Amino acid sequence: HGTVNAILADGDRGVFVAGDFDQVGGVYDGNWNDPGPDMVGGVAAELVARWDGDAWSALGGDFDGCVGFNCTPSLQALARAPDGALVAGGNFLTIDGLPFGHVAAYRNGAWEALGSGLDGRVAALATYRGELYVAGSFTQAGGVRSQGRSEEHTSELQSPCNLVCRLLLEKK
C-alpha cells in the first residue's frame, strides 16, 4: 500500500523495492474510502522490502524524519555497494531512532550509517568502478561541503538533481 520509487533486481538475492509504502504483496480490498486497511493479506514493510521469488519479506527499520514542507519519510533509490551491502537513499533522518542522514547500508540483517550521511535528500544511487555515487538535493556529504554545485563542476552522471558526488563507504 503506497508508492514504489525504486526497484533493484539483484540476481539470486531477489528483487528489492523501495518507496513510500507500509505493506507489500497484498490485494486491494476495493474501497479506498473505508476506515480500515486498503489491502488484504501481504506483509507489513516500511519503505523497503525483498521478493525472493516466492514471498515478500520486510528488511525492518523504523524510518523517521524528513526535510521539506509536509513531508513523510520515503526511499527514492537503491544500489548494491561495491562491498556487497544494499544501499538505500531518500528523505529520512533516522532509522530506529539513530541518525542516518538520508542514506544507509543494509548489511547482515541490520541498517548501518554511511559516515555522518548527507544534509539533504537522495534522488539516485549508482556504483561505478568500485565507488558509490549519490545524486540529490544536498550540499554536504559526511560533514564536508560537496563540490559540484555550479555548472562547471557537474559530474558526467546526468540526473535531475542539483548535485552528484562520490560517497565513500566508511562506517561511523
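Structure: above.
Residues numbered from 1 in each chain as written. Predicted model: local features only at pLDDT ≥ 70, side-chain atom pairs only at ≥ 80, totals over all residues. Heavy atoms only, no water.

**Overview of the nonpolar core**
Worth spelling out the cut-off: Grouping buried Ala, Val, Leu, Ile, Met, Phe, Trp, Tyr and Cys residues that are joined through side-chain atoms within 4.5 Å yields what is termed a nonpolar core. Per-residue accessibility, obtained with a 1.4 Å probe over protein chains only, is compared with the maximum for each type, and a residue is labelled buried under 20%, exposed over 50%, and partly exposed between these values. In this description a helix means any DSSP run of H or I spanning at least four residues, a strand means any run of E spanning at least two, and both kinds are numbered starting from the N terminus. Contacts are assigned to residue pairs with any non-hydrogen atoms lying within 4.5 Å of each other.
Core analysis: the biggest nonpolar cluster contains 19 residues, and Val 48, Phe 63, Leu 75, Leu 78 and Trp 111 have the highest contact counts within it. Elements that contribute at least two residues to this core include exactly β1 (2-9), β2 (15-21), β10 (74-80), β11 (86-91), β14 (103-107) and β15 (110-113). With residues near it in sequence (within four places) discarded, Val 48 still touches Val 17, Ala 18, Phe 21, Ala 58, Leu 59, Phe 63, Leu 75, Leu 78 and Trp 111. Within the second largest apolar cluster, 14 residues are counted, among which are Ala 85, Leu 132, Val 134 and Phe 138.

**As for the pattern of salt bridges**
Quick note on the threshold: Salt bridge, as applied in this entry: a Lys or Arg side-chain nitrogen positioned within 4 Å of an Asp or Glu carboxyl oxygen.
In the structure shown here, the tally under the stated rule is four salt bridges. The closest approach of N and O atoms between Asp 10 and Arg 13, which form a salt bridge, is 3.6 Å. With relative accessibility at 13%, the residue Asp 10 sits in the buried group. When the shortest N-O distance is used, the salt bridge between Glu 112 and Arg 107 registers 2.6 Å. Judged by its relative accessible area of 13%, Arg 107 is buried.

**Considerations on the state of the cysteines**
In plain terms, the rule: Here, the term disulfide refers to a pair of cysteine sulfur atoms separated by no more than 2.5 Å.
Per the stated rule, a full pass over the model turns up one disulfide. In this model, Cys 66 is linked to Cys 71 through a disulfide, with the two sulfur atoms separated by 2.0 Å. Measuring the twist about the S-S bond at about 100°, one finds the Cys 66-Cys 71 disulfide to be right-handed. Residue class for Cys 71 comes out partly exposed when judged on its relative accessible area of 27%.

**Re the environment of Gly 11**
Inspection of the secondary structure puts Gly 11 in the loop between β1 and β2. Spatially, the C-alpha atom of Gly 11 lies 10.0 Å from that of Asp 52, the residues being 41 residues apart in sequence.

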